[in-house]
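A look at the structure
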Amino acid sequence: EETDPLFLATIRLCDSKGRKPKGWDGSSNVYPQGFKPWHHYYRGDDLILYGHWARQGLRVGPRTVGLDSGCVYGGGLSGMWYPSREIVHVSS
């Protein structure tokens, strides 16, 4: 509740204290030292669904689901039925 909404809407990488890397523009898969995708650190109880990270691809974790499978690049469209968590994928 104390986190800046703009930060929450734009974060991809952070360190273990939740700080964004300075100067990283997202154009590389090589992450700055000490930084990992935010979902690596997420420990909340709520299931978080996210998208807009086609380079990462479809990623299903225990508490986070990244649904961007790169449809705009020819990779298909992914979705998830809730609450069963069944992943549905349609070819582009």
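Each residue is numbered by its place in its chain's sequence as written, counting from 1. Residues qualify for local features only when their pLDDT is at least 70, as the model is predicted, and side-chain atom pairs are given and counted only at 80 or more; totals for whole chains, interfaces and linings, by contrast, use all residues. Only hydrogens and water are removed before side-chain values are computed, so all heavy atoms of the structure are retained for them.

In this section: the environment of Asp 68. Numbering goes from the N terminus for both helices and strands, where a helix is a DSSP run of H or I of at least four residues and a strand is a run of E of at least two. As for its position among the elements, Asp 68 is in the loop between β5 (64-66) and β6 (77-81). Setting aside chain neighbours within four positions, we find Asp 68 in contact with Tyr 50, Gly 51, His 52, Trp 53, Ala 54, Gly 57 and Leu 58. Within the structure, Asp 68 has its side chain in polar contact with the backbone nitrogen of Ala 54 (distance 3.3 Å). We call two N or O atoms a polar contact when they sit within 3.5 Å, provided that within protein one can donate a hydrogen and the other can accept it, with sequence-adjacent residues counted only if both atoms are side-chain atoms. At 3.0 Å, the side chain of Asp 68 forms a polar contact with the backbone nitrogen of Gly 70. Residues are treated as being in contact if the distance between any of their heavy atoms lies within 4.5 Å.

Before going further, it helps to spend a moment on the packing of aromatic side chains. Aromatic rings from Phe, Tyr and Trp, with only the six-membered ring used for Trp, were paired whenever their centres fell within 6.5 Å, and each pair was classed as stacked if the ring planes differed by under 30 degrees, edge-to-face if by over 60, and tilted otherwise. Summed over all chains, the structure comprises two aromatic pairs. When the ring of Trp 38 is compared with that of Tyr 42, the centres are 6.3 Å apart and the planes differ by 75°; the resulting orientation is edge-to-face. When sorted by exposure, Trp 38 lands in the same class as Tyr 42, which is buried. Here the aromatic rings of Trp 38 and Tyr 50 are separated by 5.1 Å at their centres, their planes lie at 70°, and the arrangement is edge-to-face. Of this pair, Trp 38 sits in the loop between β2 (36-37) and β3 (48-50) while Tyr 50 sits in strand β3, placing them 12 residues apart in sequence. Each member of the pair Trp 38 and Tyr 50 is classed as buried. Three exposure classes are used, based on accessible area relative to the maximum for each residue type with a 1.4 Å probe and protein chains only: buried under 20%, partly exposed in between, and exposed over 50%.

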